[in-house]
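The lines below spell out each chain.
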Amino acid sequence: MDNRIEMDRIYAIDCIDGMKKLPAESVDLVVTSPPYDDIRDYRGYSFDFESIAFELFRVMKKGGIVVWVVGDRIRNGNKTLTSFNHALHFQGVGFNVHDVMIYQKKNTPFMRSNAYTNAFEFMFVFSKGKPRIFNPLKTKTKRNGLELLPFNKKSDGVNKKALGELKMEKTLTNIWPYAVGLGGSTTDRIAFKHPAIFPEKLAEDHILSWSNPGDVVLDPMCGSGTTCKMALINNRRYIGFDVSTEYCEIAEERLRQSLTDSVAS
Ligand SMILES: C[S@@+](CC[C@H](N)C(=O)[O-])C[C@H]1O[C@@H](n2cnc3c(N)ncnc32)[C@H](O)[C@@H]1O
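A quick note: this is a predicted structure, and the numbers were derived from the prediction, not measured.

Focus: the overall build of the protein
Line of reasoning, step 1. Each helix and strand counted, the protein has 6 helices and 14 strands in total.
Line of reasoning, step 2. Projected onto the principal axes, the alpha-carbon positions of the protein cover approximately 75 × 50 × 40 Å.
Line of reasoning, step 3. Taken across its 265 residues, the protein has 34% of its residues classed as buried.
Line of reasoning, step 4. Of the contacts formed within the protein by residues at least 6 apart in sequence, a portion of 69% connects residues at least 24 apart.

Below, the structure written as structure tokens:
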């Protein structure tokens, strides 16, 4: 195999080997979800998390962002807290924990008789130094225009009011809710041949937030290719690695379909 990694391609390769082929400081953004706690059957592939974090730090550009989507399993009634271990390890190799965000799953089946149904995963946002880019996503506000707004209470305890302007939109919070499953995560039926995809919109929202057109987006464990597809649609360069040839074929098919759709429209 040629030793160079080209842009806009998916590689069936262990991500550590793949990243070793990338030059230092060559990636702007990573949006990925690792296998954790053997929660899915990934055909028994090994997952050397410590080396992955180390290689990620090497390939990220200064100011680059790694979005790491991870949850926890329950073993013998005990949450594993693998997510926290990962976050602490990333901090240990030199990343800043820029934010701890929540991926809320809008539709989850009831799962535990003695606890509330888990409906979220963490989205750790690690940065290599100060983030280079932040394009905040906005949402429309319910009220806008001029209103009498309360301001600082003084020592007399009386609330003062003054005319102020409520904006038309505000920046999102760091809890992002998504519908999951067919029609929620994606409408690509083929993607569901992979057991653990995340929503296209989740990948897209991070891509828009932390990168600009033309930037290099890597998913070192790309599975069905969700991040790569959303990078392509949003005019970023992408690189995808997955150790499973079968998953890479799914990813390539989704990317082909996406290109066909964009030509047709
Ligand atoms: C949670 S899934 C990612 C799913 C992806 N975000 C999507 O939307 O389809 C994790 C992926 O990591 C892959 N994987 C596990 N160990 C790997 C390794 N050492 N190198 C590359 N990929 C690996 C698995 O094959 C699996 O597809």
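On we go.
Thoughts on the environment of isoleucine 5
Line of reasoning, step 1. Here isoleucine 5 shows up in the segment before strand S1 (9–12).
Line of reasoning, step 2. Distance from isoleucine 5 to glycine 18, taken between C-alpha atoms, is 7.7 Å for residues 13 residues apart in sequence.
Line of reasoning, step 3. The residues touching isoleucine 5, leaving out its near neighbours within four places in the chain, are Tyr11, Gly18, Lys21, Leu22 and Ile239.

Quick word on the nonpolar core
Line of reasoning, step 1. The biggest cluster of nonpolar side chains holds 52 residues, and the ones touching the most others in it are Val66 and Val67.
Line of reasoning, step 2. Per-element accounting of this core gives the leading share, 7 residues, to strand S3 (residues 60–70).
Line of reasoning, step 3. In this view, valine 67 contacts Val30, Val31, Met123, Val125 and His206; residues no more than four positions away in its chain are not counted.

Quick word on the pairing of strand S13 (residues 216–219)
Line of reasoning, step 1. A two-sided burial pattern is seen for S13, the buried positions comprising Val216 and Leu218 on one face and Val217 and Asp219 on the other.
Line of reasoning, step 2. Pairing of strand S2 (residues 27–32) with S13 involves 2 bridges; the strand directions are parallel. Paired with valine 30 across the strands is leucine 218, a residue of S13.
Line of reasoning, step 3. Bridge count between S13 and strand S14 (residues 237–242): 4 bridges; the pairing is parallel. Looking at the pairing, leucine 218 lines up with isoleucine 239 of S14.
Line of reasoning, step 4. With helix H5 (residues 226–233) bridging S13 and its parallel neighbour S14, the resulting β-α-β unit is right-handed.

Structural notes on the site of the ligand
Line of reasoning, step 1. Surveying the vicinity of the ligand reveals 21 residues, the closest of which are Ile197, Met221, Gly223, Ser224 and Thr226.
Line of reasoning, step 2. A breakdown of the residues in the shell around the ligand according to their chemical character gives 13 nonpolar, 6 polar and 2 charged.

Quick word on helix H2 (residues 49–59)
Line of reasoning, step 1. Of the positions making up H2, those classed as buried are Ile52, Ala53, Glu55, Leu56 and Val59. The buried side chains of H2 occupy one side of the element, clustering within an arc of 170° when seen end-on.
Line of reasoning, step 2. Buried-residue contacts for H2 involve helix H1 (15–20), S2, S3 and helix H3 (82–93).

Regarding the sheet that holds S2
Line of reasoning, step 1. Taken together, 8 strands build an open sheet; the order of strands is S1-S14-S13-S2-S3-S7-S6-S12 and the sheet is mixed. Each of the sheet's edge strands pairs with one partner strand only, and the pair in question is S1 and strand S12 (175–178). With strand direction ignored, the average angle separating the axes of adjacent strands in the sheet is 20°.
Line of reasoning, step 2. Sheet contacts for helix H4 (residues 200–210): S2, S3, strand S6 (96–105), S12 and S13; angle to S2, the most-contacted strand, approximately 155°.

Considerations on H3
Line of reasoning, step 1. Look at H3: 17 Å from first C-alpha to last across 12 residues, which is about the 16 Å you get at 1.5 Å a residue.
Line of reasoning, step 2. Within the sequence span of H3, burial applies to Ser83, His86 and Phe90. What you see down the axis of H3 is that its buried residues fit within an arc of 60°, all on one side. Of the exposed residues in H3, the ones pointing more than 90 degrees away from its buried face are Leu88 and Gly92.
Line of reasoning, step 3. Note on H3: the residue one or two positions beyond its end, glycine 94, has a positive phi of about 125°.

Concerning the packing of H5 against helix H6 (residues 245–264)
Line of reasoning, step 1. At their nearest, the axes of H5 and H6 sit 9 Å apart, and the two run at 20° to each other. The angle between H5 and H6 places the two elements in the roughly parallel class. Crossing angle aside, the handedness with which H5 passes H6 is right-handed. Together, Cys228, Lys229, Leu232 and Ile233 of H5 and Ala251, Arg254, Leu255 and Ser258 of H6 make up the contact between the two elements.

Focus: the packing of H2 against H3
Line of reasoning, step 1. Close contact between H2 and H3 brings their axes to 9 Å; oriented N to C, the two are set at 45°. Classified by the interaxial angle, the pair formed by H2 and H3 is oblique. When you trace H2 past H3, the crossing you get is right-handed. Note on element contacts: H3 touches H2 through His86, His89, Phe90 and Val93, opposite Phe49, Glu50, Ala53, Phe54 and Phe57.
Line of reasoning, step 2. In terms of residue class, the contact of H2 with H3 is built from 6 nonpolar, 2 polar and 1 charged.

Some points on the confidence of the model for the protein
For any part of a model where pLDDT is low, the fine detail of the predicted coordinates should not be relied upon.
Line of reasoning, step 1. Looking at the protein as a whole, the pLDDT averages 91, with 94% of positions reaching at least 70.
Line of reasoning, step 2. The low-confidence segment residues 39–45, where pLDDT is below 50, has 10 contacts with residues more than four positions distant or belonging to other chains.

Rules and cut-offs
- Residues numbered from 1 in each chain as written.
- Predicted model: local features only at pLDDT ≥ 70, side-chain atom pairs only at ≥ 80, totals over all residues.
- Helix = DSSP H or I, 4+ residues; strand = E, 2+ residues; numbered from the N terminus.
- Buried ≥ 20, exposed ≤ 12 C-beta atoms within 10 Å, placed from the backbone.
- Contact = placed C-beta atoms within 7 Å.
- Core = buried A, V, L, I, M, F, W, Y, C linked by C-beta atoms within 7 Å.
- Pairing = 2+ DSSP bridges.
- Right-handed = clockwise from strand over helix to strand, strands pointing away.
- Near = placed C-beta within 6 Å.
- Nonpolar A, V, L, I, M, F, W, Y, C, P; charged D, E, K, R; others polar.
- Arc of directions from axis to C-beta.
- Axes fitted to C-alpha atoms, helices over the stretch in contact; angles between N-to-C directions.
- Expected span 1.5 Å × (residues − 1).
- Parallel < 35°, antiparallel > 145°, perpendicular 65-115°, else oblique.
- Left-handed = near helix turned anticlockwise from the far one by under 90°.
- pLDDT = per-residue confidence, 0-100.

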